[in-house]
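# Descriptive analysis of the structure
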Amino acid sequence: MGDTRIISDINLDVNGEEPVRVAWNQTEKGRGLSSCIVRNIAGPTVDPCICCEEERVVSPDGLAITVTFLNSNADDIQIDCSMMFRIDMSNMQEIKGGSPSSSKAEGRVSVSSDGTDSFEASCNPVAIKVHAPHAAIQITGTDATVAWNLVVPARGEARVSIKAHIETSNMVVASAETECPWKNIHLTASDTRVQRWVKQSLLDLDALRMGIPGHPDNEFLAAGAPWFFTLFGRDSLWAARFMLPLTTRTAMGTLRTLARFQATERDETTNADPGKIMHELRAEPLVSTGAFSPDGMSLPPLYYGTIDATPLWITLLAKALEWGAPDDQVENLLPNLQAALAWLRDYGDCDGDGFLEYLDRSGQGLSNQGWKDSGDSIRWHDGRIAHGPIALCEVQGYAYQAAMLGADVLDHFHAEGSDEWRDWAARLKTRFNETFWVHDENGRYPAVALDADKLPVDSLTSNIGHLLGTGILDKQGVYDVVTRLSDAEMLSRYGIRTMSSKDNGFWPQSYHCGSIWAHDSAIVMLGMYEEGYVDEALRIAEGLVNAAESFGYQIPELYSGESFEGGSSPYPAACHPQAWSASSSVAVVSVLLGIKPDGTINPADSPLALGLSLER
């Protein structure tokens, strides 16, 4: 809560031994059920006489745990049961960087109890109170142990429980209070992998629905758990866009929420400019620690270090209108649309060369500000890291599409300025096609970016797939991009690699230079489909279904760009669930069914589409 891990560990103990967990199931949003057996209660046996079920239910402000013990014996059995809670109070960056809790090291964590029924822990501004009926409490440092002495009746059951309530004055996002808009949507498919993936994804996406305190009805999808459990411009926009075939409500909530934070003035410390859409929202500054300390990153709580969120906001607004969002809701955002369009022209091009590029003005922000925002993501074919200002290829496509679709929205509401934006977009398209193309022994492809010297950075990356469907490519350009991305150096059994396996910077387990991201593959898939390359799009869809199966139908944030005999492997610190990975399942279904904004469908000629139906 508030980017703080309050409890780092909860250990259940029965008669001095930890129960053996044999199964786990997520039965609904926020509810998990573990089945366990308890050994050595009546001596070593093949079939233990005591088993237990542990239910954990997470709510917006707390946690409830119930453990039910079942006795198969004909006699009553007495047991000692305890739960140990390790109070941590680490922030997310400490956990991610492998650093110990500074709050504990500095003695700011307080844990206390009167010995029975409950204990409290606090570290300003977070406090937790745990109530455990009929229990004895023991505090050792920052560990709290809750203990019961139980009699489990013959062929009967006994139960213990705790309820934890959390309070903080530092919440910038909160759980959405509205009913889930896809609650009653059901998918059936002959290929049960598709059905299982969508079912798990919709459950995960429900858990990621959030809002701003005081405005909980304007829901958005948090980027992912645990590192990015908050509002992210780019992530929330793409996830909402993938969900349009199911609902426009998430899109409109996301658009309105981001509009509330749209910048109105220039600020070097936050990378804000008038009209710009934010990158991320936190309760406190985000400071790199542990393994990440050398990068010197320190982001303010409201940070605007993104080059693509603004054009993506414009495009989502237009797409939401196309998919049936109410006219009045879209019209209310016209002032924000005008400001966002103006940002493309007046501030997106930071050096006046006619392209949108980024540069970290604070010196402590993200060095790369596209979707591949790690420090080493933009590389030359020979592996060298490119230096900024960086003009990413896909951002030019986003900007072109935003200007064109933004003009359509202006026309729809009889507002002025549409011709100006179409002219601006036409000039950008010409400049792009004159500047970004590079060649190798296999033909031509767009460079991933222009560097500080305006030279095209010649690595072959998945970024070029984001150009498909934006309109910035001509017919031959579309063919060239589809051809390169369909080659084995880019397309794996589980999706599109972020970088060609032939580039010197390629490493399949890197964050952005060879790994696979489901949302990235889904964007490429949708672009191919929209450009008429249906068979190529279906190959990517099949890869994503393979990935879903490989990961138990909860695809992580990213995974290896190479496979092994048992499947793919997740990136060690990947988020899961993750909003745009989960919502990729809906993008795949939209391609398999050929769902159009007017509600018509045209199922694909694919085994994955057999028996596929979506019911509300």
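About the cut-offs
- Residues numbered from 1 in each chain as written.
- Predicted model: local features only at pLDDT ≥ 70, side-chain atom pairs only at ≥ 80, totals over all residues.
- Heavy atoms only, no water.
- Helix = DSSP H or I, 4+ residues; strand = E, 2+ residues; numbered from the N terminus.
- Polar contact = N/O pair within 3.5 Å; in protein donor to acceptor, adjacent residues only side chain to side chain.
- Contact = heavy atoms within 4.5 Å.
- Phe/Tyr/Trp six-rings, centres within 6.5 Å; stacked < 30°, edge-to-face > 60°.
- Buried < 20%, exposed > 50% of the residue type's maximum accessible area, 1.4 Å probe, protein only.
- Lys NZ or Arg CZ within 6 Å of the ring centre and 35° of its normal.
- Axes fitted to C-alpha atoms, helices over the stretch in contact; angles between N-to-C directions.
- Parallel < 35°, antiparallel > 145°, perpendicular 65-115°, else oblique.
- Left-handed = near helix turned anticlockwise from the far one by under 90°.
- UniProt positions renumbered as here; feature names shortened; annotations may be inferred.
- Pairing = 2+ DSSP bridges.

Tracing the backbone shows T178 in the loop between β12 (174-175) and β13 (186-188). One polar contact links T178 to E219, side chain to side chain, over a distance of 2.6 Å. When neighbours within four sequence positions are excluded, T178 is seen to be in contact with R209, D217, E219 and R249.

For the rest of this paragraph, the subject is the packing of aromatic side chains. Using the criterion set out here, one finds 13 aromatic pairs in the structure. Ring plane angle 90 degrees and centroid distance 6.3 Å describe the contact between W371 and W580, whose orientation is recorded as edge-to-face. Note that W371 is positioned in the loop between α8 (334-346) and β20 (391-392) and W580 in helix α14 (residues 579-593), a separation of 209 residues in sequence. Accessibility assignment for this pair places W371 and W580 in one class, buried. Taking the centre distance of 5.1 Å and the plane angle of 80 degrees together, the rings of Y511 and W517 count as edge-to-face. Grouping residues by exposure puts Y511 and W517 together as buried. The structure contains a cluster of three or more aromatic residues connected by ring pairs, namely W371, Y511, W517, Y571 and W580. The side chain of R431 reaches across the aromatic face of F355, ending 6.0 Å from its centre. The residue whose ring lies beneath R444 is W437, and the NZ or CZ to ring-centre distance is 3.8 Å.

Their axes nearest at 9 Å, the elements helix α6 (residues 309-322) and α8 cross at an angle of 140 degrees. As far as their axial angle goes, α8 and α6 are oblique. You can see that α6 and α8 cross each other, and the crossing is left-handed. Contact with α6, carried on its side by T310, P311, W313, I314 and L317, involves N336, L337, A340, L341, W343 and L344 of α8 and no other residues of that element.

This next bit is on the UniProt feature "domain: Mannosylglycerate hydrolase MGH1-like glycoside hydrolase" (unreviewed entry) in the protein. UniProt records the feature "domain: Mannosylglycerate hydrolase MGH1-like glycoside hydrolase" (unreviewed entry) at residues 322-550, using the numbering of this structure. Span residues 322-550 is 43% helix and 8% strand, its end C-alpha atoms 35 Å apart.

Most of strand β6 (residues 77-91) is tucked away, with eleven of its 15 residues classed as buried. Bridge count between strand β1 (residues 4-14) and β6: nine bridges; the pairing is antiparallel. Its bridge partner being in β6, T4 is matched across the sheet by N91. The pairing of β6 with strand β10 (residues 143-152) spans ten bridges and is antiparallel. Residue F85 lies in a different strand from β10, and its bridge partner there is A144.

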